[in-house]
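# Descriptive analysis of the structure
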Amino acid sequence: MYYPDEVVEEVRASNDIVDVISRYVKLTKKGSSYFGLCPFHSEKTGSFSVSREKQMYYCFGCGAGGNVITFLMEYENATFPEALKTLADRVGIRLPERAATKEEREAADLKSALLEVNKEAARYFYYQLKAKQ
Ligand code: ZN
């Protein structure tokens, strides 16, 4: 099942990461981040941090990290579409029911290929800009 980037982004942005993770991990606010015991490795002191500002989580103990969607995938051992569905249901967003057409998938593939090409070009130009000659 393929979902357009806009849909994925809407679901991600509508589910605050602190609210979602709080349902699974007891979080305590420390400074601008929230900390708790990491659900991905066994520990006695909380090195699992969640940032509301960045909408990301990161564990200083085991290096697990990601956004609200990857958290659910890791925690529930869910696939990307399953995690997306759970989060969409949570905030009442209706995901498109039908699968993407061949054309839509091809357009999406082309778009990501073009993005890659641009990234490579940007890297090249950046390198040239910084190089001595
Ligand atoms: Zn960890």
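It should be noted that the structure appears before, not after, this text.
This is a predicted model, so every value here is computed, not measured.

### Looking at the pattern of salt bridges
Close approach of charged atoms allows side chains of opposite charge to pair. This structure, assessed with the given rule, holds eight salt bridges. Among the ionic pairs, D16 bridges to R52, the shortest N-O distance being 3.0 Å. Here D16 is found in the loop between α1 (5-14) and α2 (17-22), whereas its partner R52 is found in the loop between β3 (48-51) and β4 (56-59), with 36 residues between them in sequence. When its relative accessible area of 35% is taken as the criterion, R52 is described as partly exposed. Within the structure, one salt-bridge network assembled from shared partners comprises D16, D19 and R52.

### Side note on the side chain of S33
By the secondary structure assignment, S33 is in strand β2 (residues 33-36). Beyond its immediate chain neighbours, meaning those up to four positions away, S33 contacts T28, V50 and S51.

### Re the coordination of the zinc ion
Distances from the zinc ion to its protein donors, C38 (SG), H41 (ND1), C59 (SG) and C62 (SG), fall at 2.1 to 2.3 Å. Given four donor atoms and angles of 103 to 120 degrees at the metal, the environment of the zinc ion is assigned as tetrahedral. Expressed as a motif, the donor residue spacing for the zinc ion is C-x2-H-x17-C-x2-C. On the criterion of sequence distance, the pair formed by C38 in the loop between β2 and β3 and C62 in the loop between β4 and β5 (65-66) is long-range, its members being 24 residues apart. For C62, a relative accessible area of 38% puts it in the partly exposed group.

### Overview of the side chain of E43
Turning to its location among the elements, E43 is positioned in the loop between β2 and β3. It is K30 that comes nearest to the buried, bridge-free E43 among opposite-charge side chains, at 9.8 Å. Looking at E43, its side chain comes within polar contact range of the main-chain nitrogen of C38, at 2.7 Å. Within the structure, E43 has its side chain in polar contact with the side chain of S47 (distance 2.4 Å). Look past the residues within four positions of E43 in its chain and what remains in contact with it is G36, L37, C38 and F48.

### Observations regarding α1
Of all the positions in α1, only V7, V8 and V11 are classed as buried. In an axial view of α1, the angular spread of the buried residues amounts to 100 degrees, which keeps them on one side of the axis. Away from the buried face of α1 by more than 90 degrees, exposed residues E6 and A13 are located. Where α1 is buried, its residues touch α3 (68-76) and α4 (80-91).

About the thresholds
Residues numbered from 1 in each chain as written. Predicted model: local features only at pLDDT ≥ 70, side-chain atom pairs only at ≥ 80, totals over all residues. Heavy atoms only, no water. Salt bridge = Lys/Arg side-chain N within 4 Å of Asp/Glu carboxyl O. Helix = DSSP H or I, 4+ residues; strand = E, 2+ residues; numbered from the N terminus. Buried < 20%, exposed > 50% of the residue type's maximum accessible area, 1.4 Å probe, protein only. Contact = heavy atoms within 4.5 Å. Donors = N, O, S within 2.8 Å, 3.2 Å for Na, K, Ca; no water. Tetrahedral: all angles 85-135°; square planar, octahedral: opposite > 155°, others 65-115°. Lys, Arg positive; Asp, Glu negative; His and termini not counted. Polar contact = N/O pair within 3.5 Å; in protein donor to acceptor, adjacent residues only side chain to side chain. Arc of directions from axis to C-beta.

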